[in-house]
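# Structural description and commentary
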Amino acid sequence: MEKIVLPDIKDFHKLEVYLQHGGYSAAKKAFGQSSDDIIDQVKRSGLRGRGGAAFLTGLKWSFMPKTTDKPKYLCVNGDESEPGSFKDRQIFEYNPHQLIEGIIITCYAIGAKVAYIYIRGEYHKWIKLMQKALDDAYAAGYVGEKMKEKFGTDFYCDIYIHKGAGAYICGEESALMNSIEGKRGYPRVKPPFPAQNGLWGCPTTINNVETITNVPPIINKGWEWFASIGEPKHPGTILFGVSGHVNKPGVYELPSGTLLTDIIYNYAGGVPGNKKILCVIPGGSSMPPLRGDQIEGVKMDAESLKAAGSAIGTGGIMVMDEDTDLVKVLARIAHFYHHESCGQCTPCREGTGWLEKILKRLIAGKGSVSDLDLLITVANQIEGNTICALGEAAAWPVKFMVERFRDYFEQRVSKEISLPVANKVHSMRHTAIPVEEIKH
Amino acid sequence: MPKIIIDGNEIEFKQGQTIIEAAKDHGIEIPHFCWHPKLSVSGNCRMCLVEVEKMPKLVIACATVASEGMVVHTQSPKTIAARNAVMEFLLINHPLDCPICDEAGECKLQDYAYQHSIGESRFVEEKVHKDKRVKIGPRVMFDAERCISCSRCIRFCDEIAKDSELTFTRRGDRVTITTFPGEELDNPYSMNVVDICPVGALTNADFRFKARVWDMSHTNSICIGCSRGCNIEIWVRNNEILRLTPRHNEDVNSYWMCDHGRLNTFKFVNSETRVNSPHIRKEGQLIRVSWDEAFAEAASRLRTFGKDQIAVIGSAYATCEDNYLVSKFAKNILGTGNLDFIRHIDYSFADDILRKEDLTPNSLGAELMGVKPLKNGLNVEEIIKSIKEGKIKALYLIEDDILTADPEIETYLAKLELLIVHAANFNQSTNFADIVFPAATYAEKNGTFINFQGRLQRIRPAVATIEVDRALEGMALSRLDKFGTKFDRWAQGKHFDARATWKILTSLSNAFGSRWKYKMAEDVFDEMVSSIPELKGLNYDIIGDLGVQLKLEKVNVV
């Protein structure tokens, strides 16, 4: 199977290797066409955003005003802060030039002269790697004013790497723009949407790192080629970050629509000890979890997962085996969203803390079955009532996990069941719940 | 005009208005905390979530622009559920300390808890704890636990006071308000955050713990701190002013007033330095005397001077009614043309928000009432010069301190043969006065001021003097005024023996043998209306609570 985003080519991150394999030829090709043509090709390719919402990329680009006296901007979202998601850093490390090439093509298509790559602050190493690649591209004339000469075009754009400061919320597109502007990372009330009123109040497009990295191959090989890969309604390959109770955790680039069970059992090597799967979160921690008996036949693309009762999210697949304490898992997830809630709007600010407190109480053996109903109503009171999607991100795991594992939770709160203290879920190693508070 | 339908009522809206604005214009209040008509939209409290047909989710009425044919439901089950949810969330970490909170009684959170909440909490966890009793600025106290993070105070500083001092810090339910490093909340308008704070998080350091708001009466009035004439309410308990708050008037002060006006223009009313009953200087000492004795003494001594030996100084602190009779008294009774008032100008006080350089409320009024030198008469500078030269031997000074006009005059005041002063408080001028009439303050009388724009505005009595009965005069009553018995210590407030300047001059003129028949300030105003063309057709009812703009030839007294 051909890999589009993370090809198996040694030293592909180096500019000379990238160039040997046709690097920056897509940009050259793109600059020979009109920006409308580029948008049209991306539209027809069916490329959908890889940051979580799976919105049609070409359609998003077409929202940018054609005539405006304001500068236009491109923001590339590499905040990658969703727990269970670790795919974009592979691109920063192994294929930075394809990202850069994607950025200059996108800038050309939407008419932006400046692009910002927003990378989470915790990615020190990857920020350095990305900066190195960008410096090389600048030096070689593939970015910046020298582009005109290199590509023989009037168009040029600049790219800046902006380092985040450790807030999940800055992965939300409008909070990301505020963060770049030097403001507190608060999501903005929408509308207006970024295409009308984005960065510095100017028309702005925000795309995920992986999304943009898909652009050069689409231009080079044609939209028909891309549209034929994987599921027709969500074509292309997707980077699946598999973590948790699997033998070979890691990032797997596979065509959309690959079976979830195929990913877990074939690519990721199955569950250690051949244990049963209790729960899978298919798209990063904010997406609705699936029970072990719900995953059979589920294909990994936006439409199929929606039909299965979850969502593709960032493609971060978290696998939990039968010995996992789901109350602790949920408490840890709730802790994350409580900790990361920006505190701007009431339901999320107050509700996320409440959810965590209830769940901690359940862990401490001081809960009751009525608390499960309370968890669901509190989650429902957050969902849909907030400024940004962090409300849903916090509410969904709680709501769906309690609903889908009702028997498990009822049993868990009615008596203190014995479970090994050592939690085997990788992402749970650094649980914030003090061990002394956990009674077994 | 385009229309939307709110709860079945078709209402018109102006293009660009949000749902909450359109609703407000038609008297429909959509519950809200963070939205304020004069601040930018932050959309954070979520209290104004409403159901709009054909929209997938509830939307916030404060940020959703109305469009033709939009159908809004503010009382649908979905809307009410969202509102209850927001209220429950806001209250889970709120300390619920209403019994000791200054805001109680005028608290949006408290009001909405009654109106829009199920009245029970399912929250059994420990509340988040935050800082208490933070002196966030010299005049404002902050209780972080009460704060609902609506950001009104932050936006006020940024957008109205134009002095960014406040910001949020931390995240989630740990979010709190703080000042920027090295800053404190000390802009000249800082106390407005207390008014716009929908809860008891920001409180007035001066008023804290002084009274429950429902124990106070509140009376519409005008601030006397400068010639802006900010519309205010005077809050009184036990016949004592405890605080002033701004009153909305879009043509004058919007929703705001400055801290100077709020803090420095009412304490003299209940001060120890109040002149209580008339005084006559006997053997070098000011001695309390009856009103009749004071009038008789003043009339007989004034009669001994020639017209050119007398000067009268009116006051830009006094009302139009007062100044009208000052003018009439000078011209008709004393027959002098040496008539003027003292200007109090300080350019360093002015800003481009509300504050004006003229530190008196009624300069234009004094001028329009004819308090100015007649032909061949002396103005203030000339009066002072003539006092120094010994040409002026008797000075009649209304509600002002002549030493503020010229400190050097002090040594000459003793040389005056007669100095009569109307004063609310003893001051440097009363030190030299032969007769002192106790003047009622702006908070104790009816009357009008004309602000720097030429806007005529009313003041009303909020504090009763000895001759005034709150109930009989139709003054605003507090709960205690209404129900307090004579055994109730709250109803035993101090009453001063003071009268409005117009009233003092009426009695004094009659001691000269004239027949002035003014029983009320309104009687004086009615005569002003007939003799001053600019006031034609006006009466107190027309002036109302928001004032009327006069057409004046000259609108700047400076």
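Higher on the page you've got the structure.
Notes on the structure follow. Everything numeric in this text was worked out from a predicted model, so none of it was measured.

Turning next to the overall build of chain B. Across its full length, chain B holds 15 helices and 23 strands. A globule of 558 residues ought to have a C-alpha radius of gyration of about 24 Å, and chain B, at 27 Å, matches this closely. For chain B, the spread of C-alpha atoms along the three principal axes comes to 85 × 50 × 50 Å. The buried share of chain B, taken over its 558 residues, is 60%. Relative to all contacts within chain B whose residues are 6 or more apart in sequence, the contacts with residues 24 or more apart total 66%. Total accessible area on chain B is roughly 23100 Å²; 50% of this is exposed by carbon and sulfur atoms. Averaged over its 70 positive side-chain charges, chain B has a centre that lies 1 Å from the centre of its 78 negative ones.

Now for the sheet that holds strand 17 (residues 339–341) of chain B. All names here are of chain B. With mixed pairing, 7 strands are arranged side by side in an open sheet as 15-14-20-19-18-16-17. Either end of the sheet is taken by a strand with one partner, and the two such strands are strand 15 (285–288) and strand 17. Here the average twist between neighbouring strands, direction ignored, is 20 degrees. Alignment of strand 19 (residues 418–423) against strand 20 (residues 435–438), held across 4 bridges, turns out to be parallel. Note on strand 20: the bridge partner recorded for Ala423 is Pro438.

Residues and elements named next belong to chain A. Under the defined criterion, the tally for this structure stands at 60 salt bridges over all chains. For Glu2, the salt bridge goes to Lys221, with nearest N and O atoms at 2.2 Å. Of the two residues, Glu2 sits in the segment before helix 1 (15–20) while Lys221 sits in helix 11 (residues 215–221), which places them 219 residues apart along the sequence. In this structure Lys221 comes out as partly exposed when scored by relative accessible area, which is 43%. Two residues, Asp323 and Lys275, come together in a salt bridge whose shortest N-O distance is 2.8 Å. Of the two residues, Asp323 is situated in the loop between strand 9 (316–321) and helix 15 (326–340) and Lys275 in the loop between helix 13 (260–267) and strand 7 (277–281); the sequence distance between them amounts to 48 residues. Under the relative-accessibility criterion, Lys275 is labelled partly exposed at 22%.

Attention now moves to the interface of chain B and chain A. On the side of chain A, 33 residues touch chain B, which itself brings 35 residues to the contact. Roughly 2700 Å² of surface becomes buried between chain B and chain A when both sides are summed, with 51% attributable to carbon and sulfur atoms. The largest share of the area that chain B buries against chain A comes from Phe89, Arg122 and Arg171 of chain B, three residues that together contribute 27% of it. Run the count over chain B and chain A and you get 2 salt bridges. A salt bridge links Arg171 of chain B to Glu340 of chain A, with the shortest nitrogen-to-oxygen separation between them at 3.2 Å. Linking chain B with chain A are 20 residue pairs in polar contact (both at pLDDT 80 or more), by the criterion used here. At the level of secondary structure, the elements contributing two or more residues to the side of chain B that touches chain A comprise helix 2 (77–92) and strand 8 (166–169) of chain B. Per-element tally for the side of chain B that touches chain A: the top contributor is helix 2 of chain B, with 7 residues.

Conventions we followed
- Residues numbered from 1 in each chain as written.
- Chains lettered and ligands numbered in written order.
- Predicted model: local features only at pLDDT ≥ 70, side-chain atom pairs only at ≥ 80, totals over all residues.
- Heavy atoms only, no water.
- Helix = DSSP H or I, 4+ residues; strand = E, 2+ residues; numbered from the N terminus.
- Rg over C-alpha atoms; globule rule 2.2 N^0.38 Å.
- Buried < 20%, exposed > 50% of the residue type's maximum accessible area, 1.4 Å probe, protein only.
- Contact = heavy atoms within 4.5 Å.
- Areas by Shrake-Rupley, 256 points an atom, 1.4 Å probe, with all protein chains shown as cover.
- Lys, Arg positive; Asp, Glu negative; His and termini not counted.
- Charge placed at Lys NZ, Arg CZ, Asp CG, Glu CD.
- Pairing = 2+ DSSP bridges.
- Axes fitted to C-alpha atoms, helices over the stretch in contact; angles between N-to-C directions.
- Salt bridge = Lys/Arg side-chain N within 4 Å of Asp/Glu carboxyl O.
- Buried area = accessible area lost by both parts, 1.4 Å probe.
- Polar contact = N/O pair within 3.5 Å; in protein donor to acceptor, adjacent residues only side chain to side chain.

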